[in-house]
Amino acid sequence: MIFQKYDVIVVGGGHAGSEAAAAAANLGVQTLLITMSLQNIAQMSCNPAMGGIAKGQILREIDALGGQSAIITDKTAIQFKMLNKSKGPAMWSPRAQSDRMRFAEAWRLSLENTANLDLYQDAVNGLIFKDDTVVGVRTNLGIEIFATTVIITAGTFLNGTIHIGEKTFGGGRAGESASIGITEDLIKKGFEAGRMKTGTPPRVDARSLDFSKMIPQPGDENPAKFSYSDTTKPLTKQVPCYLTHTSQEVHDLLREGFDRSPMFTGRIQSIGPRYCPSIEDKIDRFATKNRHQLFIEPEGWETNEVYVNGFSTSLPEDVQASALRQVAGFENVKFFRFGYAIEYDFFPPTQLQHTLETKRVSNLYFAGQINGTTGYEEAAAQGLMAGINAALKVQNKEPFILKRNEAYIGVLIDDLITKGTEEPYRMFTSRAEYRILLRQDNADLRLTPRGFELGLASQERMNKVLEKQEKTDLFVQFLKETSIKPAYINPILERNNSATVSQSMKMYKLAARPQLSFEDIKQFPGVTDFILKHNIDKGVEEQTEIQVKYAGYIEKEKNSAAKLTRLENILIPDYIDYNSMKSISIEARQKLTKIKPKTISQASRISGVSPSDVSVILVHMGR
């Protein structure tokens, strides 16, 4: 035997695979990560950035649980921004530009130095089963490697097909081969498979661009960072991005290539991401718009390679070149590589349990784009959860599942396995019904205790969370107990166009006024002394302000979440026969039978299952 038998084998070294392998190994089980190229571990196949709307929340949740993505992002960031600061804190979303090459290098070095983790470069072309249980994998070299559990994180590589204009060839990413064999083995076991599509823009040479014709997009003046740990520091210098626009002339040139576009000639049959469409799709769907934004994103500190965000395309190379040269600042552009589209296999995620273990085959887990998602952050979150649950199963421990009111990760996985997806799934704040509770600023408070219980988050992390919570509670209590006289507060209120007071009032009530910022609150008598005395940092200040100003909204969502929890606690027996319930709709019977929800709450979220159907199920259960 060339290889030992492993507890966990992770197939694929992208964002999902890297987090899965790190999590399983850090939980103490013997883990093997198999990838086609060790040089491309955690490769940023698309834009060189982490975070963004809702994605930043996911990244901070990964960090709070003890994952690695946020730390790697901080170590390799070249710019940091907090998005949506003009809105409420539930919408604030951190985002960082990354150095693409350093990001992959940092992940590689981190994995190489992880105990219990082996790395192996080869392609997996088959799975080994014993009845309805996976027991190992087979590689291109004909080597059989056995394991108790297997996690598939194949990204866009499963039977991947690349399209550039009228050219079509196999590949999982530019310059890399597709993965053949895994899909076929899974279909033989009865799995349902489908095809999805994604795309990427051209990469160009910064030396050939005229940035004076573009609008600079700098990072935050006082940048924060992603990880809650002390192992990383905020950036002290940053690289700017730039903004430019397409034009009607650009659109006209692009349209000239539509007769050679794989999207419009029918060679691409699968559905692409709704919220990140190709440039040809945008000008076709939004024909009345005469321009679209293009964000010019550097790929690193030293490299001249630039990512043209917003110009994803599979049009022929000559069309890409002629159209892009009509964009302001791109008149003399030189290409590092052209944009392309890629089609790949995925498996509808309704075939999974909440642990990301498949329902049809035991000990087999799926994570990432194989489940129909798009985005590094969504993939990393699934990888983390699959790695945790595979390790826990090996150790005969209870599975780890996050609910919708606990984390965006919980929303992500519940959406996938309950509702499924027919197009690449992307997380948005609007998908979370409890987003006031699931903010980026409190991910550590919410999830570090869970990560600590698992053994992924360190004692040091836990101590920091306890200190943050204690100081926040202390600060809030101070504001609740301390009064302030009109003579002191009225000048501050007048400056901020807020109604003055005629008698002493508790600081807490005044601090809740939307017209007052935290800088105004710090001018209240005694507040600065309190901050200095108790060594209150920016994180505690922010947490205190949110707890004060949004107390009513937070309490309301907590009550709603409590109702959800009660429904989550009503388990549906495995033996229940939905086909015998003639009072529910045929669609509901079919979907309930297929998805097999574990709880009444999950059943209520299935598309096509009505409240009256849920009532029938409860009656059938004797409730």
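Refer to the structure presented above.
Quick summary incoming for the structure in this document. (Residues numbered from 1 in each chain as written. Predicted model: local features only at pLDDT ≥ 70, side-chain atom pairs only at ≥ 80, totals over all residues. Heavy atoms only, no water.)

**Considering the overall build of the protein**
1) Next: The helix and strand tally for the protein stands at 22 helices and 22 strands.
2) Next: Computed over its C-alpha atoms, the radius of gyration of the protein comes to 26 Å, within 12% of the 25 Å expected for a compact globule of 623 residues.
3) Next: Dimensions of the protein, computed from the C-alpha atoms along their principal axes, are close to 80 × 70 × 50 Å.
4) Next: Put simply, the protein has 623 residues, and 59% of those count as buried.
5) Next: Sequence separation of 24 or more characterises 73% of the internal contacts of the protein that already satisfy a separation of 6 or more.
6) Next: In the form shown here, the protein has an accessible surface area of approximately 25,900 Å², with 49% of it arising from carbon and sulfur atoms.
7) Next: Positive and negative charge centroids in the protein, built from 75 and 72 side chains respectively, lie 4 Å apart. (Helix = DSSP H or I, 4+ residues; strand = E, 2+ residues; numbered from the N terminus. Rg over C-alpha atoms; globule rule 2.2 N^0.38 Å. Buried < 20%, exposed > 50% of the residue type's maximum accessible area, 1.4 Å probe, protein only. Contact = heavy atoms within 4.5 Å. Areas by Shrake-Rupley, 256 points an atom, 1.4 Å probe, with all protein chains shown as cover. Lys, Arg positive; Asp, Glu negative; His and termini not counted. Charge placed at Lys NZ, Arg CZ, Asp CG, Glu CD.)

**Remarks on the pairing of strand S2 (residues 31–35)**
1) Next: Of all five residues making up S2, five are buried, and the element is well covered by its neighbours.
2) Next: Along S2, one buried face is formed by Thr31, Leu33 and Thr35 and the opposite face, lined by Leu32 and Ile34, is buried too.
3) Next: Both strand S1 (residues 6–11) and S2 contribute to a ladder of four bridges, which runs parallel. For Val11, the partnering residue across the bridge sits in S2 and is Ile34.
4) Next: Handedness of the β-α-β unit built from S1, helix H1 (residues 15–26) and S2 comes out right-handed.
5) Next: The pairing of S2 with strand S6 (residues 117–121) spans five bridges and is classified as parallel. In the strand pairing of S6, Ile34 is matched with Tyr120. (Pairing = 2+ DSSP bridges. Right-handed = clockwise from strand over helix to strand, strands pointing away.)

**Observations regarding unusual backbone geometry**
1) Next: The phi torsion at Ala42 lies on the positive side, around 55 degrees, for a residue other than glycine.
2) Next: Locating Ala42 in the fold gives a position in the loop between S2 and strand S3 (49–51).
3) Next: The exposure class assigned to Ala42 is buried, which follows from its relative accessible area of 0%.
4) Next: The residue Lys596 is not glycine, and still its phi comes out positive at about 55 degrees.
5) Next: Relative to the helices and strands, Lys596 is located in the loop between helix H20 (586–595) and helix H21 (600–604).

**Considerations on the packing of aromatic side chains**
1) Next: Applying the stated criterion across every chain yields a total of eleven aromatic pairs.
2) Next: Judged by centre distance (5.1 Å) and plane angle (35 degrees), the rings of Phe475 and Phe530 are tilted. Of this pair, Phe475 sits in helix H13 (residues 459–481) while Phe530 is found in helix H17 (residues 527–533), placing the two residues 55 residues apart along the sequence.
3) Next: Summarising the aromatic geometry, the rings of Tyr550 and Tyr553 are spaced 6.3 Å apart at their centres and angled 45 degrees between planes, so their arrangement reads as tilted.
4) Next: Using a relative accessible area of 27% as the deciding quantity, one classes Tyr550 as partly exposed. (Phe/Tyr/Trp six-rings, centres within 6.5 Å; stacked < 30°, edge-to-face > 60°.)

**Overview of H13**
1) Next: Helix length check: H13, at 23 residues, gives a terminal C-alpha distance of 33 Å against a target of 33 Å (1.5 Å per residue), a fit within 8%.
2) Next: Buried within H13 are the following residues: Arg461, Met462, Val465, Lys468, Lys471, Thr472, Phe475, Val476, Phe478 and Leu479. (Expected span 1.5 Å × (residues − 1).)

**As for the sheet that holds S3**
1) Next: As summarised here, the arrangement of the three strands in space is S3-S5-S4, forming an open sheet in which the pairing is antiparallel. Each end of this open sheet is capped by a strand with a single partner; those strands are S3 and strand S4 (77–83). On average, each strand axis in the sheet is tilted by 20 degrees relative to the strand beside it, whichever way the strands run.
2) Next: Pairing geometry for S4 and strand S5 (residues 93–98), over six bridges, is antiparallel. Across the sheet, residue Ala77 finds its bridge partner in S5, namely Ser98. (Axes fitted to C-alpha atoms, helices over the stretch in contact; angles between N-to-C directions.)

**Side note on the packing of helix H2 (residues 55–65) against helix H12 (residues 443–454)**
1) Next: Packing of H2 against H12 leaves a shortest axis separation of 7 Å and a crossing angle of 35 degrees. Crossing of H2 over H12 shows right-handed handedness. When H2 is examined against H12, the residues Arg60, Glu61, Ala64 and Leu65 are found in contact with a partner set consisting of Ala443, Asp444, Arg446, Leu447, Thr448, Arg450 and Gly451.
2) Next: Residues that form the contact of H2 with H12 fall into these classes: four nonpolar, two polar and five charged. (Left-handed = near helix turned anticlockwise from the far one by under 90°. Nonpolar A, V, L, I, M, F, W, Y, C, P; charged D, E, K, R; others polar.)

**Brief notes about the sheet that holds strand S11 (residues 167–170)**
1) Next: With antiparallel pairing, four strands are arranged side by side in an open sheet as S11-S10-S19-S12. For this open sheet the edge positions go to S11 and strand S12 (194–200), each flanked by a neighbour on one side alone. With direction set aside, neighbouring strand axes in the sheet form an average angle of 25 degrees.
2) Next: Looking at chain direction, strand S10 (residues 161–164) and S11 are connected through four bridges and run antiparallel. Along S11, the bridge assignment pairs Thr161 with Gly170.

**Digging into the side chain of Asp444**
1) Next: Summarising the element assignment, Asp444 is placed in helix H12.
2) Next: The class of Asp444 is buried, set by a relative accessible area of 6%.
3) Next: Separated by 3.0 Å, the side chains of Asp444 and Lys468 make a polar contact.
4) Next: Residues within four places of Asp444 in sequence aside, it is in contact with Ala64, Tyr228, Pro449, Val465 and Lys468. (Polar contact = N/O pair within 3.5 Å; in protein donor to acceptor, adjacent residues only side chain to side chain.)

**Here's the deal with the nonpolar core**
Generally speaking, soluble globular proteins have nonpolar side chains that are buried together.
1) Next: Ranked by internal contacts, the top residues of the largest apolar core, which has 106 residues, are Ile9, Ile145, Leu364 and Ile409.
2) Next: It is helix H10 (residues 376–394) that contributes the most residues to this core, eleven residues altogether.
3) Next: Each residue touching Ile409, except ones within four places of it in the same chain, is listed here: Ile58, Glu61, Ile62, Leu65, Ala381, Met385 and Leu402.
4) Next: Counting 24 residues, the second largest nonpolar core, distinct from the first, contains Met214, Ile296, Leu315 and Ala323. (Core = buried A, V, L, I, M, F, W, Y, C linked by side-chain atoms within 4.5 Å.)

**Focus: the state of the cysteines**
Each disulfide consists of one covalent bond between the sulfur atoms belonging to two cysteines.
1) Next: Throughout the structure, instances matching the rule amount to zero disulfides.
2) Next: The closest cysteine sulfur to the non-disulfide-bonded Cys276 is located on Cys46, 6.0 Å from its own sulfur.
3) Next: Residue Cys276 is classed as partly exposed on the basis of its relative accessible area, which comes to 42%. (Disulfide = S-S within 2.5 Å.)

**Some details on the pattern of salt bridges**
Proximity of charged atoms lets side chains of opposite charge pair with each other.
1) Next: Scanning all chains against the criterion turns up 37 salt bridges.
2) Next: Among the ionic pairs, Arg450 bridges to Glu406, the shortest N-O distance being 2.8 Å. On the criterion of sequence distance, the pair formed by Arg450 in helix H12 and Glu406 in the loop between H10 and helix H11 (408–419) is long-range, its members being 44 residues apart.
3) Next: The salt bridge partner of Glu467 is Lys471, with a shortest N-O separation of 3.0 Å. (Salt bridge = Lys/Arg side-chain N within 4 Å of Asp/Glu carboxyl O.)

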